[in-house]
Amino acid sequence: MNTFSVFLERADCQEVRDACSLCLSVEHAARLAQYARAPLPPQRCAAVSLLADLLHYRCNGNAVVTETILATLSTGWTDEHPRVRAACLRGAANVARLAPAARDAALPAALQALSQGVDGETAASPMENVPLAAIQGLSRLLAEWEGLGRGFERELLSIAQKVRPFMNTQCAHLREGSLRLLGLVAGRVRCEALVAQAVSSLPCFLLHLCDPSPAVVRASKFTLREVFKALEAPRACAFVQKHLVDEGRLLLEEFVAALLRLLAEERPSAVAACLPPAANYLHAHRAHMPDAALAPLLLGMLYAELHRLRLQGSEHGELDEEVASGARARLLQLLKEPAPAVRQAAAFALAHLCLVCADVGAPPVASNALATANAPTTANAPTTANAPSTANAPPTANGITPVNDIARDDAPAPANGIAPSDADAPNSANTSAPADDIATGPLETETF
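Reading the values: the criteria
- Residues numbered from 1 in each chain as written.
- Predicted model: local features only at pLDDT ≥ 70, side-chain atom pairs only at ≥ 80, totals over all residues.
- Heavy atoms only, no water.
- Helix = DSSP H or I, 4+ residues; strand = E, 2+ residues; numbered from the N terminus.
- Buried < 20%, exposed > 50% of the residue type's maximum accessible area, 1.4 Å probe, protein only.
- Contact = heavy atoms within 4.5 Å.
- Areas by Shrake-Rupley, 256 points an atom, 1.4 Å probe, with all protein chains shown as cover.
- Core = buried A, V, L, I, M, F, W, Y, C linked by side-chain atoms within 4.5 Å.
- pLDDT = per-residue confidence, 0-100.
- Phe/Tyr/Trp six-rings, centres within 6.5 Å; stacked < 30°, edge-to-face > 60°.
- Lys NZ or Arg CZ within 6 Å of the ring centre and 35° of its normal.
- 1 Å grid on protein atoms, 1.4 Å probe; cavity = no way out; pocket = protein on both sides within 12 Å on 5 of 7 lines; lining within 4 Å.
- Points joined across faces, edges and corners; volume = space filled by probe spheres on them.
- Nonpolar A, V, L, I, M, F, W, Y, C, P; charged D, E, K, R; others polar.
- Expected span 1.5 Å × (residues − 1).
- Polar contact = N/O pair within 3.5 Å; in protein donor to acceptor, adjacent residues only side chain to side chain.
- Arc of directions from axis to C-beta.
- Salt bridge = Lys/Arg side-chain N within 4 Å of Asp/Glu carboxyl O.

Novice: So, the overall build of the chain: which residues are in play, and what are the values?
Specialist: Within the chain, the regular secondary structure consists of 19 helices and two strands. For the chain, buried positions account for 51% of its 448 residues. For the chain, contacts bridging at least 24 residues in sequence account for 69% of all contacts bridging at least 6. Per element, the accessible surface of the chain, about 20,400 Å² overall, is 53% carbon and sulfur.

Novice: So what about the nonpolar core? Which residues, and what values?
Specialist: The biggest cluster of nonpolar side chains holds 131 residues, and the ones touching the most others in it are L206, L224, F228, F255, L299, Y303 and L331. Residue contacts for L206: discarding those within four places in its chain leaves L224, L252, F255, V256, L259, L260 and L298.

Novice: Tell me about the confidence of the model for the chain, and name the residues and values.
Specialist: When pLDDT is averaged along the chain, the result is 77, and 72% of the positions lie at 70 or above. Between residues 364-437, whose pLDDT stays under 50, and residues either more than four places distant or in other chains, the model counts 107 contacts. Between residues 439-448, whose pLDDT stays under 50, and residues either more than four places distant or in other chains, the model counts 29 contacts.

Novice: Lay out the packing of aromatic side chains with the relevant residues and their values.
Specialist: Evaluation of the coordinates by the stated rule reveals one aromatic pair. Between F239 and F255, the aromatic rings sit 5.4 Å apart at their centres with planes inclined by 10 degrees, giving stacked as the arrangement. Note that F239 is positioned in helix 13 (residues 234-243) and F255 in helix 14 (residues 252-266), a separation of 16 residues in sequence. When the ring centre of W145 is taken as reference, the NZ or CZ atom of R103 above it lies at 4.1 Å. Above the ring of F222, the side-chain terminus of R180 is found at 5.1 Å from the ring centroid.

Novice: Before we move on, can you summarise empty space enclosed by the protein with the specific residues and values?
Specialist: Under the definition given, this model contains one cavity of 30 Å³ or more. Considered as a void within the structure, the largest cavity measures approximately 60 Å³ in volume. If you go around the largest cavity, the residues you meet are L202, P203, L206, F228, L259, L260, L263, C274, L298 and L302. Elements represented by at least two residues in the lining of the largest cavity include exactly helix 11 (202-207), helix 14 and helix 16 (294-311). By residue class, the composition of the lining of the largest cavity is 10 nonpolar, no polar and no charged.

Novice: Could you give an account of the environment of S220, with specific residues and numbers?
Specialist: Here S220 lies in helix 12 (residues 214-230). A relative accessible area of 0% means that S220 is categorised as buried. Discounting chain neighbours no more than four positions away, the residues touching S220 are L179, F205, H208 and L209.

Novice: Summarise helix 17 (residues 321-334); cite the residues concerned and give the values.
Specialist: The end-to-end C-alpha distance of helix 17, which contains 14 residues, comes to 20 Å, matching closely the 20 Å that a straight helix rising 1.5 Å per residue would cover. Along helix 17, the residues that are buried comprise V323, A324, A327, R328, R330, L331 and L334. Capping of helix 17 at its N-terminal end is provided by D320; its side-chain oxygen lies 3.2 Å from the backbone amide nitrogen of E322.

Novice: Got a sec to walk through the environment of Q344? Specific residues and values, please.
Specialist: Within the element layout of this structure, Q344 appears in helix 18 (residues 340-360). As a C-alpha pair, Q344 and L334 span 10 residues in sequence and 9.3 Å in three-dimensional space.

Novice: Describe the side chain of T66, naming the residues involved and giving the relevant values.
Specialist: Its place among the elements puts T66 in helix 4 (residues 63-76). The exposure class assigned to T66 is buried, which follows from its relative accessible area of 6%. T66 has contacts with R58, C59, L98 and A102, leaving out every residue within four places of it along the chain.

Novice: Pulling in residues and values, what's your account of helix 8 (residues 153-163)?
Specialist: Those residues of helix 8 that sit buried are L156, L157, I159, A160 and V163. Within helix 8, the buried residues cover an arc of 160 degrees as seen down the axis, which keeps them to one side. If you follow the buried residues of helix 8, they end up packed against helix 6 (100-118), helix 7 (130-144), helix 9 (172-188) and helix 10 (192-200).

Novice: Which residues make up the pattern of salt bridges, and what values do they have?
Specialist: Evaluation of the coordinates by the stated rule reveals 11 salt bridges. A salt bridge links R103 to D104; the nearest nitrogen and oxygen atoms lie 3.8 Å apart. Residue classification places D104 among the partly exposed positions, given a relative accessible area of 46%. Each member of the salt-bridge network shares a partner with another, and the members are R261, E305 and R308.

As structure tokens, then:
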């Protein structure tokens, strides 16, 4: 049965596949259903895989064979062995290939089984990973049938919420599948609840653009393109569609800074919604995110846009003091990291967080803590005890006296009163790079 199933998958001639599936479906469907109830898991797995493949060929229009296969697969969706259950869940996507009447009758049960499969236990082997099989089956089901979103919005919203934890797992297949599935759901369902989920997941999508797995990066690009189609932000959507090319080279920091600026202009409420999930990425170092400086840098860009919204008098410029307090404590810890890029990004984020806190009267960050961002880490490093004080420094244009290590003494104050920090490289969120310089055209290989 395994050999025959592989033959059907690899046969180059469509007529050969159709003829073989016709012969098998007529003569052996009932016998295969018996093997699907065999005591040995390998026998059950081979039988349900072949039966699921018959669904792909619509069982040649035989209603009796279709009912037999669906009844057999429905028992496999709850099989106690993870490999058998995973095979059945992958085969559930072939329901979309059936005739409209049979498809409409079988779809609710298949969708419910796939949703329950997402809650299953993960395994090291991809063949026995039940959540991975359910996510892959759902992705195929949504990709092959564009009309799935109508009438199943509640189920798809629940599934989109369930797959979010898998976007940050160590398994690259789960990260790729969950990211792509959320993008497919965003392309099928149009409602405010899904938009709110997508906006809160934007930091995750952006951070995965530097994932070491090229497949995960492509999935993140696909999901960002689909998500921004659902947002009411035409300029940001056009910007994303232009620069997020699957096989293109991306200047990540410049792209994120320009995208957040456009998003703040067209959908200002998204800035505050992105801050809590972005702050959560400060508290854990994940192996699949090698660039540890990107999380504090992203948070700093978000606080820079929030400060700009407050200066403009926007009603969406409110500061969540609980999130700011937790982010401040973690950023102060990151200032002691040995990596210079992490310290620089943490100082950048703290600088913009100080500006926002100064607007609302929240406790500022101590200046001597910021001084350690770019200080040498050796034992003989000079201390900041004799650093010049800014007590007599003139106030800037907005009335905020610059902190000692944020504003240089020998640099003139800018017009907007925000003095650049040592972390304010040309890639900061205060300056948006020209759109044509952010991404190039398609390349043969992808560079991050």
